[in-house]
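Chain by chain, the residues:
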There are 2 protein chains.
Amino acid sequence: MTAEGSSGGNRRYDPDRKARIIEATLEVIAVQGVSGTTHRRVAEAADVPLGSMTYHFASLNDLLKQAFLKLTQEITHHFDAAFQKAQTADEAREVVVDVMCGWYAMTDRKMTLILELYAYVARNPQTRHVMTGWMAKSREALERHFSPAVAASLDAMIEGATIHNFMHPDGISRDAARVIVAKLSS
Amino acid sequence: MTAEGSSGGNRRYDPDRKARIIEATLEVIAVQGVSGTTHRRVAEAADVPLGSMTYHFASLNDLLKQAFLKLTQEITHHFDAAFQKAQTADEAREVVVDVMCGWYAMTDRKMTLILELYAYVARNPQTRHVMTGWMAKSREALERHFSPAVAASLDAMIEGATIHNFMHPDGISRDAARVIVAKLSS
DNA sequence: TTGCGTTATGTACGTTTGTACGCATAAGTC
DNA sequence: GACTTATGCGTACAAACGTACATAACGCAA
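Residues numbered from 1 in each chain as written. Chains lettered and ligands numbered in written order. Predicted model: local features only at pLDDT ≥ 70, side-chain atom pairs only at ≥ 80, totals over all residues. Heavy atoms only, no water.

As recorded by an unreviewed UniProt entry, chain A carries the name DNA-binding transcriptional regulator YbjK and is attributed to Rhizobium wenxiniae.

In C-alpha cells:
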C-alpha cells in the first residue's frame, strides 16, 4: 500500500520527485538552453505539476544552480573513475588522451550542458564555487600522477581540446593528442 | 542642418543606428546573458525605440547572430594584430604567452561574451560557421609561425588556459605559460 | 508649394513568463 | 472512527515577452 499506491490519475507520494526534476532540468537546458528553460517546460519534462516547481525550489535560479551542481558531480565522478584505473604514469597519459578526444561519456549533450554552465557561472559569480570545486577535483585526480604544474597544463589542454573538437569535428586526432600529452608531461 | 539636427525629443536620421544596436546587444548579453536579452532591454541600452528592433533585424535570433559575429570579428582582429607584430618564432611564442594569461584586451566582459557565444552555438548548429570561421582565422595566424600540428595544440591550450584563468584567478602564471609554450612548440 | 515613396516608430495583441496562495489530501495520533 | 498537522498542487495574476502593422515623419522630384 505504501509503494505503487497511485490511486488513479492524480499522483501522490513520489520521493524521488526532486531528483527527477533536477534531471529533467538538465534535459531541458541541453535542448533549449538556459534561456529556454522555464518552470513549465521542466515540469512537463519531469511529468510533475507546475506547483511542484515552486514547492521544491525557491526560484528558477535555485533550480538551475542545483542542476548544474549535479552535472559537475557526475562529470567529476566519471573523471575520477577513469584515473583511478590508471596505475602507471603511461596509463594515466593514455587516459588524458582518451579524455581529450572522445572522452568516456562526453556526448554532444553533455558538452552543450558544460558550455551552458560556463556561461551561467560567468554571469552569476555567486555560483563560481561550483566551477572551482570541479576544477579542484580534476586537478586533484591529475596530481596523483603528475606534478602540480604539469597537472595544471594538462587540465587546461583537456579543456581547450574538448571544446575545439566539439566545435570543429576533426580538430585534434588521437595520435596528435598523444604527442601533445607526451610533450606536456615530459 | 543635416548633422546634429535633432529637432527636439524624437530623433530622426541616425545612420549608425544598426551598428549601435548591435553594440548594445553585446552589452546586454554581457550583463544579462542571452537568456536575459530582450528587444526591450536592447532598445533601452541603445536608446532607440522598440520599433527599431524589428525594423532592422528580422528576429531576436537574427540580432544575436549578428552581435556574435561582430564579437568574433573584433577578437580576430586583435589576435591577428598581435601576431602580425611578431617577427621571430620566439616573439610569436611570447605573444602566445601574452594571450594565454592576461590577453591583450580579454576583460571579464569579453570572456563572458565568448562563453555565451559557445553556449549559443552549441544549441544553434546553423550558426556554427561563426565559430569555425573564427577558429580558422586563429589557426591561420598561428600557422604563420608554427607547424599545423603545433598551431592546433597552441590554439587549444590558449582556449583552455584562458577559460581556466577566468574561472580560477591564479590558474596558470606567466612563467608557467612560458614553459608550456616552449614544450608544445618544440 | 504639392505629391509621392521610403524610412522609421508608437502602439496594440496574443502568449508566455515567474511566482504566490488557498485548498485538497495525505500521514500521524489518539 | 475523529481530529490535527504537514505536505503537495491547481489555479490565478500581473508583468514582460516577441512580433505585426497602421501611420507618422522624412527626402526628394516636380
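Let's pick the thread back up.
(A) Spatial organisation of the overall build of chain A. Counting its secondary structure elements, chain A contains 9 helices and 0 strands. Secondary structure elements in chain A, listed N-terminal to C-terminal, are α-α-α-α-α-α-α-α-α. Projected onto its principal axes, the C-alpha coordinates of chain A cover approximately 65 × 35 × 30 Å. Nonlocal contacts in chain A, meaning residues at least 24 apart in sequence, comprise 67% of its contacts between residues at least 6 apart. Element-wise, carbon and sulfur atoms account for 53% of the exposed surface of chain A, whose accessible area totals about 9100 Å². Looking at chain A, you have 21 positive and 22 negative side-chain charges, and the mean spots of the two groups are 5 Å apart. (Helix = DSSP H or I, 4+ residues; strand = E, 2+ residues; numbered from the N terminus. Contact = heavy atoms within 4.5 Å. Areas by Shrake-Rupley, 256 points an atom, 1.4 Å probe, with all protein chains shown as cover. Lys, Arg positive; Asp, Glu negative; His and termini not counted. Charge placed at Lys NZ, Arg CZ, Asp CG, Glu CD.)

(B) Fine view of the pattern of salt bridges. Residues and elements named next belong to chain A. Tallied over the full model, the rule gives 20 salt bridges over all chains. In this structure, Glu-94 engages Arg-174 in a salt bridge whose closest nitrogen and oxygen atoms are separated by 3.6 Å. Of this pair, Glu-94 sits in helix 5 (residues 89-100) while Arg-174 sits in helix 9 (residues 174-184), and the two are 80 residues apart along the sequence. With a closest N to O distance of 2.4 Å, Glu-94 and Arg-178 form a salt bridge. Of this pair, Glu-94 sits in helix 5 while Arg-178 sits in helix 9, and the two are 84 residues apart along the sequence. Taking relative accessible area as the criterion, Glu-94 reaches 28% and is therefore assigned partly exposed. With a relative accessible area of 35%, Arg-178 lands in the partly exposed category. Each of Glu-94, Asp-98, Arg-174, Asp-175 and Arg-178 takes part in salt bridges that share partners, so that together they form one network. (Salt bridge = Lys/Arg side-chain N within 4 Å of Asp/Glu carboxyl O. Buried < 20%, exposed > 50% of the residue type's maximum accessible area, 1.4 Å probe, protein only.)

(C) Spotlight on the interface of chain A and chain B. Each side of the interface is counted separately: chain A has 39 residues, and chain B has 39 residues. Together, the buried faces of chain A and chain B total about 3300 Å²; carbon and sulfur atoms form 70% of this surface. Broken down residue by residue, the surface that chain A buries against chain B is led by Arg-123, His-164 and Met-167 of chain A, which jointly contribute 21%. Counting across the interface, chain A meets chain B through 2 salt bridges. (Buried area = accessible area lost by both parts, 1.4 Å probe.)

(D) The protein's contact with DNA strand D, seen in detail. Looking at DNA strand D, there are 19 residues lining it, with Arg-17, Pro-49, Ser-52 and Tyr-55 of chain A together with Arg-40 of chain B nearest. The separation between a phosphate oxygen of DNA strand D and a polar main-chain atom of His-39 of chain B is 3.1 Å. Of all elements in the fold, only helix 3 (51-56) of chain A together with helix 2 (39-46) of chain B reach the threshold of two or more residues within the surface near DNA strand D. Of the residues in the surface near DNA strand D, the class split is 5 nonpolar, 7 polar and 7 charged. (Near = heavy atom within 4 Å. Polar contact = N/O pair within 3.5 Å; in protein donor to acceptor, adjacent residues only side chain to side chain. Nonpolar A, V, L, I, M, F, W, Y, C, P; charged D, E, K, R; others polar.)

(E) Quick peek at the packing of aromatic side chains. The full count for this structure, using the stated rule, is 6 aromatic pairs over all chains. Pairing Tyr-118 of chain A with Trp-134 of chain A gives two aromatic rings, centres 6.2 Å apart and planes at 35°, and the pair type is tilted. With Tyr-118 of chain A in helix 6 (residues 108-123) and Trp-134 of chain A in helix 7 (residues 128-143), the pair connects residues that are 16 residues apart, well separated along the chain. An identical accessibility class is assigned to Tyr-118 of chain A and Trp-134 of chain A; each is buried. With centroids separated by 5.3 Å and ring planes inclined at 40°, the aromatic side chains of Phe-68 of chain B and Tyr-120 of chain B adopt a geometry described as tilted. Pair noted here: Phe-68 of chain B is in helix 4 (residues 60-85) and Tyr-120 of chain B is in helix 6 (residues 108-123), with a separation of 52 residues, a long-range link. In this structure Phe-68 of chain B comes out as buried when scored by relative accessible area, which is 1%. One Lys or Arg, Arg-128 of chain A, reaches over the ring of Phe-166 of chain B and ends 5.1 Å from the middle of that ring. (Phe/Tyr/Trp six-rings, centres within 6.5 Å; stacked < 30°, edge-to-face > 60°. Lys NZ or Arg CZ within 6 Å of the ring centre and 35° of its normal.)

(F) Spotlight on helix 9 (residues 174-184) of chain B. All buried positions along helix 9 of chain B are accounted for by Ala-177, Ile-180, Val-181 and Leu-184 of chain B. Buried residues along helix 9 of chain B cover an arc of 95° about the axis, so they all sit on one side. Summarising the contacts, the buried residues of helix 9 of chain B are in contact with helix 8 (148-167) and helix 9 of chain A together with helix 5 (89-100) and helix 8 (148-167) of chain B. (Arc of directions from axis to C-beta.)

(G) Seen up close, the protein's contact with DNA strand C. Around DNA strand C lies a shell of 19 residues, among which Arg-40 of chain A together with Arg-17, Pro-49, Ser-52 and Tyr-55 of chain B are the nearest. The contact atoms of DNA strand C, taken as those within 4 Å of the protein, divide so that sugar and phosphate hold 59%. A distance of 3.2 Å is found between a phosphate oxygen of DNA strand C and a backbone nitrogen or oxygen belonging to Leu-60 of chain A. In this structure, a phosphate oxygen belonging to DNA strand C sits 3.0 Å away from a side-chain N or O atom of Tyr-55 of chain B. Counting only elements with at least two residues in the surface near DNA strand C, the list comes to helix 2 (39-46) of chain A together with helix 3 (51-56) of chain B. Of the residues contributing to the surface near DNA strand C, the split by class is 5 nonpolar, 7 polar and 7 charged.

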